[in-house]
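# Coordinate analysis (summary)
For reference, the chains in residue letters:
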Amino acid sequence: QVQLIESGGGLVQAGGSLRLSCAASGPTFSSYVMGWFRQAPGKEREFVAAISRNGGATYYTDAVEGRFTISRDNARNTVYLQMNSLKPEDTAVYYCAADRSVVPQRRSYAYDYWGQGTQVTVSS
């Protein structure tokens, strides 16, 4: 069982930056692929980024490529999402998730554990 707790959300103006963190419980963090998803009001949850177990491979949705960076610190059981050049359309609740698969997945149903989410609001 893995428990995930996100932090770092908030209100920021367009063009600004935020750094989300997701702290995981348990001694096996490095055995999980980690992902970030987001869900805006009235929309389905969508994939944002994922990172392999050792951090050597990362994947992004096209909408955030070049603006967001996912990283992880296995010694601290934490995954991060650095978000730069934020846009109003990035406004959503952001969730981190853990997956026991070997290869990072973009589909939410592939992930086994989820955090409670953190709100990100970007004003224009």
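This text goes with the structure placed above it.
Each value, and the rule that gives it
- Residues numbered from 1 in each chain as written.
- Predicted model: local features only at pLDDT ≥ 70, side-chain atom pairs only at ≥ 80, totals over all residues.
- Heavy atoms only, no water.
- Helix = DSSP H or I, 4+ residues; strand = E, 2+ residues; numbered from the N terminus.
- Rg over C-alpha atoms; globule rule 2.2 N^0.38 Å.
- Buried < 20%, exposed > 50% of the residue type's maximum accessible area, 1.4 Å probe, protein only.
- Contact = heavy atoms within 4.5 Å.
- Phe/Tyr/Trp six-rings, centres within 6.5 Å; stacked < 30°, edge-to-face > 60°.
- Lys NZ or Arg CZ within 6 Å of the ring centre and 35° of its normal.

## Points about the overall build of the protein chain
- Counting its secondary structure elements, the protein chain contains 0 helices and 11 strands.
- The secondary structure elements of the protein chain, listed N-terminal to C-terminal, are β-β-β-β-β-β-β-β-β-β-β.
- On C-alpha atoms alone, the protein chain measures out to a radius of gyration of 13 Å, which is about the 14 Å that the 2.2 N^0.38 rule sets for 124 residues.
- Burial statistics for the protein chain: of 124 residues in total, 44% are counted as buried.

## Some details on the environment of D73
- Relative to the helices and strands, D73 is located in strand 7 (residues 68–73).
- Residue classification places D73 among the partly exposed positions, given a relative accessible area of 24%.
- Along the primary structure D73 and A23 are separated by 50 residues, whereas in three dimensions their C-alpha atoms are 9.9 Å apart.
- The contact partners of D73, leaving out residues within four places of it in the chain, are F29, T78 and Y80.

## Section: the packing of aromatic side chains
- Per the stated rule, a full pass over the model turns up 6 aromatic pairs.
- Seen in terms of ring centroids, Y32 and Y113 are 6.0 Å apart; in terms of plane orientation they differ by 75°. Their pairing is edge-to-face. Highlighted residues: Y32 in the loop between strand 3 (18–24) and strand 4 (33–39) and Y113 in strand 10 (residues 113–114), separated in sequence by 81 residues.
- For Y32, a relative accessible area of 7% gives the class buried.
- Taking the centre distance of 6.5 Å and the plane angle of 75° together, the rings of Y95 and W114 count as edge-to-face. Here Y95 is found in strand 9 (residues 92–99), whereas its partner W114 is found in strand 10, with 19 residues between them in sequence.
- On the accessibility criterion, Y95 (13% relative accessible area) is buried.
- Ring pairing ties together the aromatic residues F37, F47, Y95, Y111 and W114, which thus form one cluster.
- When the ring centre of Y80 is taken as origin, the NZ or CZ atom of R19, which lies over that ring, is 4.0 Å away.
- The residue whose ring lies beneath R72 is F29, and the NZ or CZ to ring-centre distance is 4.5 Å.

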